[in-house]
Amino acid sequence: MSQSSRCPCATTPRRSSADASRGCVDCHGAKGNGHMFHDDGKGMRIAGPNIGPGPGNVVASYKPEDWVRAIRHGVAPGGRPLMVMPSEDYNRLTDEDLAALVGYIRHLAPTEGGAAVVELPLPVRALYGFGFIHDAAGEIDHALPPMPTPRPLFLRMKNRIDSSHLFRATPDS
Ligand code: HEC
């Protein structure tokens, strides 16, 4: 799925080609403790929430199935479609990769704070409202099985034992 059909930040130039891989780190911070990755000064501010272990964090009461739903399907535990979060990139992660990724995140150092921020200017909200921009949850074919062969993104992860590569998802050279 192309990002341009959905992410309101798609019009912003990315910092480098490495960003195209959209690792969790780009939007949730290197330590998973939340990151304001878009602030154009014109009313569009988007921050990924703190997804590390820590009191009061959005994932504090996550059960294993909640991780699967959020990462693969772009849906929060209460059933709310997550905005901006590119779950279409992660929908077909193998069970093994997903388990390694969640294991890695759950062992990050606990930090507090870092709530999600999704503030969109009125025209962008209108595009959402009229269905021109979709959340990942609305784009994903939720019935697809995990990809039997790794996607190019994951082919670059030579060291599959260190699952921090799954979190970063950036080229390792
Ligand atoms: C392009 C930016 C972006 C990337 C890349 C990204 N996320 Fe997110 N993520 C977000 C935003 C923004 C939210 C908050 C969405 C909302 O609350 O509607 C979010 C929310 C979440 C949540 C919380 C859901 C909840 O219960 O409220 C989890 C868990 C999460 N992301 C995990 C991940 C993981 C793991 C990765 C990497 C595999 C990842 N994200 C990659 C932007 C991103």
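Residues numbered from 1 in each chain as written. Predicted model: local features only at pLDDT ≥ 70, side-chain atom pairs only at ≥ 80, totals over all residues.

Draft legend 1. Main features of the sheet that holds strand β1 (residues 33-39). Taking strand neighbours across the sheet as the criterion, the three strands line up as β1-β2-β3 in an open arrangement whose pairing is antiparallel. Each edge of the open sheet is held by one strand with a lone partner, namely β1 and β3 (117-119). The sheet shows a mean angle of 15° between the axes of neighbouring strands, taken without regard to direction. Pairing analysis gives five bridges linking β1 to strand β2 (residues 45-50), with the strands arranged antiparallel. (Pairing = 2+ DSSP bridges. Helix = DSSP H or I, 4+ residues; strand = E, 2+ residues; numbered from the N terminus. Axes fitted to C-alpha atoms, helices over the stretch in contact; angles between N-to-C directions.)

Draft legend 2. Broad picture of the site of the ligand. Around the ligand, 24 residues are found, and the nearest of them are Cys-24, Cys-27, Met-83, Met-85 and Ala-116. In terms of residues, the shell around the ligand owes the most to one element, helix α1 (residues 24-28), which gives four residues. Grouping the constituent residues of the shell around the ligand by class yields 20 nonpolar, two polar and two charged. (Near = placed C-beta within 6 Å. Nonpolar A, V, L, I, M, F, W, Y, C, P; charged D, E, K, R; others polar.)

Draft legend 3. Representation of the confidence of the model for the protein within the structure. Counting all residues, the mean pLDDT for the protein is 80, and 76% of those residues have values of 70 or more. When mean pLDDT is taken per element in the protein, β2 scores highest with 96 and helix α6 (residues 152-155) scores lowest with 50. When the criterion is pLDDT under 50, residues 1-21 qualifies, and its contacts beyond four places in sequence or with other chains add up to 29 contacts. (pLDDT = per-residue confidence, 0-100. Contact = placed C-beta atoms within 7 Å.)

Draft legend 4. Expanded view of the nonpolar core. Counting residues in hydrophobic clusters, the biggest one holds 26 residues, and the most contacted among them are Leu-82, Leu-101 and Ile-105. The set of elements that each furnish at least two residues to this core consists of α1, β2, α2 (64-73), α3 (95-106), α5 (136-139) and α7 (164-168). Broken down by element, the residue count for this core peaks at four residues, all from α3. Setting aside residues no more than four positions away along its own chain, Leu-82 makes contact with Ala-70, Gly-74, Val-75, Ala-76, Ser-87, Asp-135, Ala-136 and Ala-137. (Core = buried A, V, L, I, M, F, W, Y, C linked by C-beta atoms within 7 Å. Buried ≥ 20, exposed ≤ 12 C-beta atoms within 10 Å, placed from the backbone.)

Draft legend 5. Spatial organisation of helix α4 (residues 122-129). For α4, the tally of buried residues reaches only zero of eight residues, placing the bulk of the element at the surface. Looking one or two residues past α4, Gly-131 carries a phi angle of roughly 85°, positive in sign.

Draft legend 6. Layout of the pairing of β2. Taking burial as the measure, the six residues of β2 include five buried ones, the bulk of the element. As paired elements, β2 and β3 share three bridges and run antiparallel to each other. For Arg-45, the partnering residue across the bridge sits in β3 and is Glu-119.

Draft legend 7. Focus on unusual backbone geometry. Look at Val-84: it is not a glycine, yet its phi comes out positive at around 70°. Within the secondary structure, Val-84 sits in the loop between α2 and α3. Exposure remark for Val-84: the 22 C-beta atoms within 10 Å place this residue in the buried category.

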